[in-house]
Amino acid sequence: MIEINQLKNQLIVSCQPVTDGPMDHVDIVVAMAKSAEMAGASAVRIEGVENVRQVAKNLHIPIIGIVKRDLPDSPVRITPWLEDVSALAGAGASIIAFDATHRTRPVPIEALYQQARRLGVLIMADCATLADGIAAAALGCDFIGSTLSGYTEETADQPMERPDLELISAFAARGYRVMAEGRIRDPGQAVAALQAGAFAVTVGSAITRIEHITEWYRSALAEAARGRASA
Ligand SMILES: CC(=O)N[C@H](C=O)[C@@H](O)[C@H](O)[C@H](O)COP(=O)(O)O
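Residues numbered from 1 in each chain as written. Predicted model: local features only at pLDDT ≥ 70, side-chain atom pairs only at ≥ 80, totals over all residues.

**Quick notes on the overall build of the protein chain**
Broken down by element type, the protein chain carries nine helices and eight strands. For the protein chain, the C-alpha atoms occupy an extent of roughly 65 × 40 × 40 Å along the three principal directions. By the burial criterion, 46% of the 231 residues in the protein chain qualify as buried. Long-range contacts, defined here as pairs at least 24 residues apart, represent 56% of the contacts in the protein chain between residues at least 6 apart. (Helix = DSSP H or I, 4+ residues; strand = E, 2+ residues; numbered from the N terminus. Buried ≥ 20, exposed ≤ 12 C-beta atoms within 10 Å, placed from the backbone. Contact = placed C-beta atoms within 7 Å.)

What follows is the structure, encoded as structure tokens:
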């Protein structure tokens, strides 16, 4: 079991390649995670049981493990099954994150929580709304994450060009151990998340998804070029 306070005010790097992209290979995930560790990340967030197993063999910092699934009858993607929780713990994740939103789901949040508790791992609730966080904290989840704000029907009006600092502050105001996650694109936004009361900050795309970063630059340049053409 890890000491929770070792993550306080720290950076967690999510090493999740774009699905089926050229970087979606276990050895690349391990290399990304190792690079993040060497540069001072305090933990990594890893998707997929085999990726978690290989990263655990090669790194010394804690792993937040998830499994993503596309289910036919539920919008819940992150660690939906009890078997996912068990497999992630068996592969070496010391924190397991699951979708804690109140949507149609195959397994109740309480059951996922109990399974993770039985296995002795820490628990992160990936939330979209304040109500999700309140329920997850009442259950006893160790980390309340802003991960899913903007990615559910209920939060579809959330601005997608910045993190949800309002949700982070609302969680923090209630005394939760908040993991700021989702759309943190630069060090200034990571600092703003800490200032909003986050316990730790997870950054994914802005560090590990070349496809997304390239597209941000490409579209910014294209827009600037259109502006110059019409001036
Ligand atoms: C919504 C969803 O499925 N989020 C996923 C959760 O694991 C990942 O795709 C994100 O990359 C991660 O949360 C980090 O966020 P960002 O990449 O914006 O720094």
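Having put the structure on the table, let's press on.
**Examining the sheet that holds strand 6 (residues 143-145)**
Strand order in the closed barrel made by the eight strands is 1-2-3-4-5-6-7-8, with parallel pairing throughout. For this sheet, the mean inter-axis angle between neighbouring strands, taken without regard to orientation, is 25°. Pairing of strand 1 (residues 11-14) with strand 2 (residues 43-47), which is carried by three bridges, proceeds in the parallel orientation. Residue pairing across strands places I12 opposite A43, the latter belonging to strand 2. Together, strand 2 and strand 3 (63-66) form the strand contacts of helix 2 (residues 49-58), whose direction differs from that of strand 2 by roughly 150°. (Pairing = 2+ DSSP bridges. Axes fitted to C-alpha atoms, helices over the stretch in contact; angles between N-to-C directions.)

**Focus: the site of the ligand**
Neighbouring residues of the ligand: 15 residues in total, closest S14, Y151, R183, G204 and S205. For the shell around the ligand, the secondary-structure elements that each account for two or more residues are strand 8 (200-203) and helix 8 (205-208). Tallied by class, the residues present in the shell around the ligand amount to six nonpolar, seven polar and two charged. (Near = placed C-beta within 6 Å. Nonpolar A, V, L, I, M, F, W, Y, C, P; charged D, E, K, R; others polar.)

**Regarding helix 2**
Of all the residues in helix 2, the buried ones are V49, N51, V52, V55 and A56. What you see down the axis of helix 2 is that its buried residues fit within an arc of 155°, all on one side. Those residues of helix 2 that are exposed and angled more than 90 degrees off the buried face are E50, K57 and N58. (Arc of directions from axis to C-beta.)

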